[in-house]
4 protein chains.
Amino acid sequence: MQKLWAGRFQEGASSLLDEFNASLLFDRELYKEDIAGSIAHAKMLAKQEIIKESESKEIIRGLESIKTEIDCGEFIFDIADEDIHMAIEKRLIELVGEVGKKLHTARSRNDQVALDFRLYTLNSSKEIRVQLIENIKTLLEIASKNCEVMIPGMTHLQHAQPINFGFHLLAYISMFKRDVERLDSLIERNNYLPLGCAALAGTPYNSDRDFLSKELGFKEPTINCLDTVSDRDFALDILFAISVAMMHISRLSEELILWSSYEFRFVTIDDKYATGSSIMPQKKNPDVPELLRGKTGRVYGNLISLLTVMKGLPLAYNKDTQEDKEGVFDSVKTIKISLKILKEVMATLRINKENMERACKIGHLSATDLADYLVQKCSIPFREAHFITGKAVAYAEKKEKDLSELDLEELQEVDSRIKKEALESLKLINSMNARDSKGGTATKETLRQCEYFKRWLEGLEVG
Amino acid sequence: MQKLWAGRFQEGASSLLDEFNASLLFDRELYKEDIAGSIAHAKMLAKQEIIKESESKEIIRGLESIKTEIDCGEFIFDIADEDIHMAIEKRLIELVGEVGKKLHTARSRNDQVALDFRLYTLNSSKEIRVQLIENIKTLLEIASKNCEVMIPGMTHLQHAQPINFGFHLLAYISMFKRDVERLDSLIERNNYLPLGCAALAGTPYNSDRDFLSKELGFKEPTINCLDTVSDRDFALDILFAISVAMMHISRLSEELILWSSYEFRFVTIDDKYATGSSIMPQKKNPDVPELLRGKTGRVYGNLISLLTVMKGLPLAYNKDTQEDKEGVFDSVKTIKISLKILKEVMATLRINKENMERACKIGHLSATDLADYLVQKCSIPFREAHFITGKAVAYAEKKEKDLSELDLEELQEVDSRIKKEALESLKLINSMNARDSKGGTATKETLRQCEYFKRWLEGLEVG
Amino acid sequence: MQKLWAGRFQEGASSLLDEFNASLLFDRELYKEDIAGSIAHAKMLAKQEIIKESESKEIIRGLESIKTEIDCGEFIFDIADEDIHMAIEKRLIELVGEVGKKLHTARSRNDQVALDFRLYTLNSSKEIRVQLIENIKTLLEIASKNCEVMIPGMTHLQHAQPINFGFHLLAYISMFKRDVERLDSLIERNNYLPLGCAALAGTPYNSDRDFLSKELGFKEPTINCLDTVSDRDFALDILFAISVAMMHISRLSEELILWSSYEFRFVTIDDKYATGSSIMPQKKNPDVPELLRGKTGRVYGNLISLLTVMKGLPLAYNKDTQEDKEGVFDSVKTIKISLKILKEVMATLRINKENMERACKIGHLSATDLADYLVQKCSIPFREAHFITGKAVAYAEKKEKDLSELDLEELQEVDSRIKKEALESLKLINSMNARDSKGGTATKETLRQCEYFKRWLEGLEVG
Amino acid sequence: MQKLWAGRFQEGASSLLDEFNASLLFDRELYKEDIAGSIAHAKMLAKQEIIKESESKEIIRGLESIKTEIDCGEFIFDIADEDIHMAIEKRLIELVGEVGKKLHTARSRNDQVALDFRLYTLNSSKEIRVQLIENIKTLLEIASKNCEVMIPGMTHLQHAQPINFGFHLLAYISMFKRDVERLDSLIERNNYLPLGCAALAGTPYNSDRDFLSKELGFKEPTINCLDTVSDRDFALDILFAISVAMMHISRLSEELILWSSYEFRFVTIDDKYATGSSIMPQKKNPDVPELLRGKTGRVYGNLISLLTVMKGLPLAYNKDTQEDKEGVFDSVKTIKISLKILKEVMATLRINKENMERACKIGHLSATDLADYLVQKCSIPFREAHFITGKAVAYAEKKEKDLSELDLEELQEVDSRIKKEALESLKLINSMNARDSKGGTATKETLRQCEYFKRWLEGLEVG
């Protein structure tokens, strides 16, 4: 088939060029956005009397047929059509005849691709946002029910202080909340209509970009056409937002993997979301969190790919930019299925409370409390209290006991200023509930945090 | 010197460990933030009667002395102090005695570092924001004066349509505006106080994080301590914002390099910002834009570094996170000096209007106008008009003329429907000014875009 | 269908898990390697009398049928089979019955995937190597014919010294030669058989890995099984080699884009490998080099993806590693089609010698020669000669001449020590041919370099 | 001070340019290489009678003085000198007068920097190689002594099969061996002299690059000067080699962190290489492996930085390339200190054999052996044997026993074909030692692997 731009060329394109150059194999993903944009454009052309109302209707009818054809898998994609825009336009001309050729008035492929891809990005951002919120709800439900279940809070993967499991999950809720906000800000920042910029300089037709903007749900048209056709900030923004969200997921996954190990046994992943080994019949593997963790790599890669592509490109459109889409599609699909399965894994997770609580008795988790006791009750400066407690821990280890198991006599051997009431401070449950400052792990304060997130979710749903 | 945490250790740290582990060599950058945080903390401790008012004052006096010492370069940094927090605390104890040991009550290094680093990030974001705005102003001033200077608008580095130079610069203003907005959103998203989270679980002291938050200029305290001590989203956010901004700068730099070449000669970089060759005496090199373009690499690298560090880290604090700071410091410094010098380069740039305008006569820039003429005046569908124009271009090339130089007879040889008025459309100035739709390159419309950005700037300055 | 590992599970896998977990959609790419590995394994099992000779033959016959089925597109891939290994094994059992179940003796999926993927990597490396060599040959042919065609040698995109076009192309040949050597070294470094490592610890069967190694064309078996099943260095090695090669290609592409611009017009890309614009009928766009440049982004991204995946993984196999393949497949396909089309673009490139030579007269390209003359004939230290020449250039610019166009009188006005013979040095052709030291641009020396590469190629072909 | 290239400039450089442009603050790192290169160059100039023997000697004497000055910290670095080459040359002229100006004959800063940086890279590669070998020796010594200590071999962080600790360490030795080989190949691939290429085109002087090559220890001069001055493959090669090596280190670090946790307690890091907490007195944190793991991020970042810088750069030298050095310096320093401290951490590591062996009794580690027994002794196809064993594991879990603790009666309840000798197969030590195929974990085979590496080391030391 002759290319739509073939006028000045003496030779046809080689088929190798078609194969190398065509984006149709991946940008067909954008057919809905492309057709929606074309319909809005056809309406505008009629409204502005650039084409006739009847022509517009015919074009729109044709476009709607094409959408149905693609929806049903009946549309024949031919790589020689180069891209989804050309493929649809060619089919339109087949369907509605000469009038179809008028659709491309007052626009260019450059602003068409900018429109389609931006619509896809904004829509995907909204869908990911919904999935994040669903995950937050699932986590919040589990958290609310586990604010009294003690688990060793860790730093450096070493037992540090007793916290509750609900409090632990709230950390991930906090991360996902930021992810939602990061998506909100990118949606707002990029919610501008690219269509109508034509090749790079705007169009001499009396087109109405404000109309197009409303029709397609944007805030307003972009300000400068040269920027618009070469802008891919919106794609970078979503690639970054997905990277950070996947990084958060990778951290939760790491913990799920650790917690599923024989060494921890804090949780049991449901059989539905675990797999076995082809050679070792006893194995039950946490494949899902492992893959979630691994998939962080691919979304990071997609981010760095597009950053690399955009570096140093002169204005305006360059063909390099065609490399923008596959990575975004891949990252979007990756996070969507990741959030979908993560929600299920969490919802069906068995929490082994006894194992968590048993683990709290290892590692002198109430050591800070002894130090705090020394400060508050014996007026010893913190730094010195810290030192004394360090000695008490060394003493307990020598005795093969946990610090919380030392009796008063033993404690006084370490420092004679320690009094009976210190024993109370050393109890794990007291240690946890003592941390009731804002943001702390005391059960009461953790429940307050749950309430905070519930209200935030309600605010979202109203808004 | 004995470590502040040495109580339970039987052996001292090796000096190799000190060298490997210490962050003091780079985190001393944070001394102002650290002292500001400590002063606020001391005030809070007194307000909450955790320490005495007099003790608080003594501590604050000591901290202020230390600030002066560091400001003046009199402070002695000892790598054995590990980090800036320890270095300042040790010196505080030297200066004010035992009472200094009380400062570390109800906080931990984990939340101190989280505070200092977040303050640094927020402050830096604001400073970069100011510099971006200054660059926008500089560009806007040049743009406003050059809305009638024609330059070939390019796609694929091929002459495409005539635009004006002001319009071209407005593309970069649009990019920098998004960069400002990206910074705004990260400031808002991360404007929460980390201090008071202690190691990971909050503190048993009656501390007042709302007071601290106000004192240090935050919106409110963070919600969940476990998240807070391990959250580095704010650092990733600034690394990404800087990456995108440097990518924009790299594009402008690429154009400055091209435009400075013998082939283009569109602009002349001021001697103050160009360099020579050690071997070729005739050379004048655009080192500044080349370096700006090259520095994109380092800020991308810093982003991927921290993303890599954070991947798969279990909660809460892990020492890996210490690797967060150098990259951020480097990216912040890089963009600051880049924006500083870019502004000067642009402000002193000589614009060679004649060369720009001469270049417009190459490449049949008004070809689209012939096509548009055929559509609008001869009612030929765009796709066909495009094809006819392609033939006209081929014809012109054969005659070694620009399309705009063909006379009516020649045009009619290509297609007999072409009439005299087509000649008018083919004039370059008319071609440019025809594109007066919103966002277009017509001088009038470009001036409107300038106004738009001026009002936006005014809105910022009021706000 | 029941999973092959389902024995200990109470519940079947969810279909969401199947979708998330399965690698079949991409690892089917490895079917040839998988079948080759299985055939070798079946032979070994018989040779070692682990299975009967007749069983082995039956299995091999089945495997060969499966290969034919897949080759012809008749094989039905079912995502529930998880991966290509399971899919083939299940089909094998269908085809040959119970005996098919014996094939998986003394091996595991872990070492199967390690084998298949390594074979793929080594084979791809060899194929890319061949393509690089073909590109070198094409470039060498062009270079050999253009050793007298002058082109401005540039630094900082500024004209620097006259060089010849052949010499310029030899720079890319040098790069591609290193790419060949980089592939050679990775092939050698990774040419070890993984099969026979089983899950991670070797196998209790009397298997003969040396036999397998020979059968499959490896140097010898890997040394340590635990390393082998978790080693992905070979994949990183090829991702890096491709990244560097694509970086080289991006540089050549950048030059092709510049050279195709109206400003340069040094080369004309054949119509077969250029495209037009949907809106601007006059455009001829260098899409191929632009895409080649852009595709650098994706191969960089694939590299960083796998580096990220591998970071911090404990031994041995983790499911994260499943993320290793898609990126490698993508990078391999990318460079293969890139090298294929690059070769054609270069072979059909029109070289506009007159434009190249005309450009040499701009930019005082023989300035260094004046400096060298001053050093050699007037015994002026180089640094001073450089300074004098700088003044001569400034003088020429003021007179709007090229330095080579100044007459003796004018030159002596700059410095009276300049004598008539200096005029000879300033001639461009003399300037170029003066640089005849090893590696230099003199035509004679360039031809010697061509010879060098020809001999290197011959050495390769013999070897 | 006036720049050495200032001849044609009307205005001096701004101090902001100096600050932005100068590389002196980091490239002073290269002073030794720069002086070595200059001394060789001075010798060559004399040998070729381009300067007098006496002049050469005077220059060399000056250069040696400068080296002493810098070694002793007496040299005054002035940022206005731009880079280390200019700084040294200026000082040379101060020290030896006019004759110093002759040194820069027949070379350029472009090939000077190419030389210095390549020398640095090759030398660093050799030093890292030595450190890797030292780490291999340390690991090999530990491995040799621990070939009978059982530890659970893991996949998916789940207990899989019993292996020995020596065998586990041999996996890391295998990785480091590949790292050594990767360095070897980059040294060989880049061992070519850049000096003498001048700016980009070679030099008209009768210089002897073969002499320079021998003098400076290279294999031979590079082939094409244009390539040479813009080639940074050698820098990418070392950045990649370091990235892979740090990735390996990050995996060992991850395991050290896991093994140091309360949950595992497989190893105890020496107090000399662990740190405490400022708030939790009982903590002993594995800071060193955490930092090692974290530092992987920075070396990945450095790699992606330079790849980004190099993408799409036209030939030959561009100032962007100045961004090449800091990342390489940083990665080299990072891996050097990492390997230094890793060696110490491993050499002083306490191995808690009892804990390792106790852990082997968890997770039915001999399940595969039951399956293998069923295959070998009962002629059951592997796939079916796998299924039966899965059921046996489920049975054992129900009984809260390890599979190895089931008695014959219980086993026969699962499958009546199981005979008494199966009990022997289920013993852990037998399970481990059964895996005696090449590369397997049997003690005897592990010792053979130790021998293999010892011989390889000896081969290296002789060679």
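Refer to the preceding data block for the structure.
Reference entry: report on the structure contained in this document. Quick caveat, the model's predicted, so the values are computed rather than measured.

1. Section: the interface of chain D and chain C
Chain D puts 109 residues into the contact, and the matching count from chain C is 110 residues. Summing the contributions of chain D and of chain C, the shared interface buries around 9,400 Å²; its carbon and sulfur component is 59%. Its largest share of buried area at the contact with chain C, chain D owes to Ile223, Arg251 and Arg383 of chain D, together 9% of the area lost on that side. Our count for the contact surface shared by chain D and chain C stands at twelve salt bridges. Looking at which element gives the most residues to the side of chain D that touches chain C, the answer is helix H10 (residues 233-260) of chain D, with 13 residues. Its residues placed into classes, the side of chain D that touches chain C shows 46 nonpolar, 34 polar and 29 charged.

2. A short note on the relation of the copies chain C and chain A
Least-squares fitting of chain C to chain A yields an RMSD of 0.0 Å, with the transformation described by 0.0 Å of translation along the axis and a rotation of 180°. Here the copies are linked by what is in effect a two-fold axis. Relative to the rotation axis, the C-alpha of Gly301 of chain C is the closest in chain C, positioned 1.9 Å from it. Take the interface residues of chain C: 100% of them recur as interface residues in chain A, which is what a same-surface contact looks like.

3. A short note on the environment of Met346 of chain B
All names here are of chain B. Among the secondary structure elements, Met346 is positioned in helix H12 (residues 325-347). In this structure, the C-alpha to C-alpha distance between Met346 and Asp34, residues 312 residues apart in sequence, is 37 Å. In this structure, Met346 is in contact with Thr138, Leu139, Ile142, Leu169, Leu252 and Leu256, ignoring residues within four places of it in sequence.

4. Some remarks on the pairing of strand E1 (residues 150-155) of chain C
Residues and elements named next belong to chain C. Extensive coverage of E1 is indicated by the burial of six of its six residues. Bridge count between E1 and strand E2 (residues 158-164): six bridges; the pairing is antiparallel. Residue pairing in the sheet places Met154 in a bridge with His159 of E2. Joining the antiparallel neighbours E1 and E2 is a turn of two residues, in which His156 adopts a positive phi near 55°.

5. Here we look at helix H6 (residues 109-145) of chain D
All names here are of chain D. Taking 1.5 Å per residue as the helical rise, H6 with its 37 residues ought to reach 54 Å, and the 54 Å between its terminal C-alpha atoms agrees with that figure. In terms of burial, H6 is largely enclosed, as 28 of its 37 residues are buried. Its side-chain oxygen placed 3.0 Å from the backbone nitrogen of Asn110, Ser108 serves as the N-cap of H6.

6. Things to note about the interface of chain C and chain A
With 64 residues of chain C in contact, the opposing surface of chain A contributes 64 residues. Carbon and sulfur atoms supply 62% of the area buried between chain C and chain A, which totals about 5,600 Å² over both sides. Across the contact surface, chain C and chain A share ten salt bridges. The partner of Arg298 of chain A in a salt bridge is Glu323 of chain C, with the nearest N and O atoms 2.8 Å apart. At the boundary of chain C and chain A, one finds 14 residue pairs in polar contact (both at pLDDT 80 or more). The set of elements that each furnish at least two residues to the side of chain C that touches chain A consists of helix H1 (15-21), helix H11 (287-310) and helix H12 (325-347) of chain C. A per-element tally of the side of chain C that touches chain A places H11 of chain C first, with 16 residues. The residue makeup of the side of chain C that touches chain A, split by class, is 24 nonpolar, 19 polar and 21 charged.

Thresholds applied
Here the residue numbers are simple positions, counted from 1 along each chain's written sequence. Working convention: letters from A go to chains and numbers from 1 go to ligands, in the order in which they are written. Where totals are concerned, whole chains, interfaces and linings use all residues; where local detail is concerned, this predicted model gives features only for residues with pLDDT of at least 70, and gives and counts side-chain atom pairs only at 80 or more. Only hydrogens and water are removed before side-chain values are computed, so all heavy atoms of the structure are retained for them. Every residue pair with non-hydrogen atoms within 4.5 Å of one another is taken to be in contact. Reported buried area values correspond to the accessible surface (1.4 Å probe) lost by two parts on association, with both partners' losses combined. By definition, a salt bridge exists where a carboxyl oxygen of Asp or Glu is found within 4 Å of a side-chain nitrogen of Lys or Arg. Here a strand is any run of E in DSSP of at least two residues, a helix any run of H or I of at least four, and the numbering for each starts at the N terminus. As a working rule, the residues Ala, Val, Leu, Ile, Met, Phe, Trp, Tyr, Cys and Pro are called nonpolar, Asp, Glu, Lys and Arg charged, and the rest polar, with Gly in that last group. We superpose the copies by least squares over the C-alpha atoms of residues that have a pLDDT of at least 70 in both of them. Remark: exposure states derive from per-residue accessible area (1.4 Å probe, protein chains only) relative to the maximum for the residue type, with buried under 20%, exposed over 50%, and partly exposed in between. Pairing between strands is defined by DSSP: at least two bridges between them are needed. Expected helix span is given by 1.5 Å per residue-to-residue step, counting one fewer step than there are residues. Between N or O atoms, a polar contact is any pair within 3.5 Å; within protein, one atom must be a potential hydrogen donor and the other a potential acceptor, and residues adjacent in sequence are included only when both atoms are from side chains.

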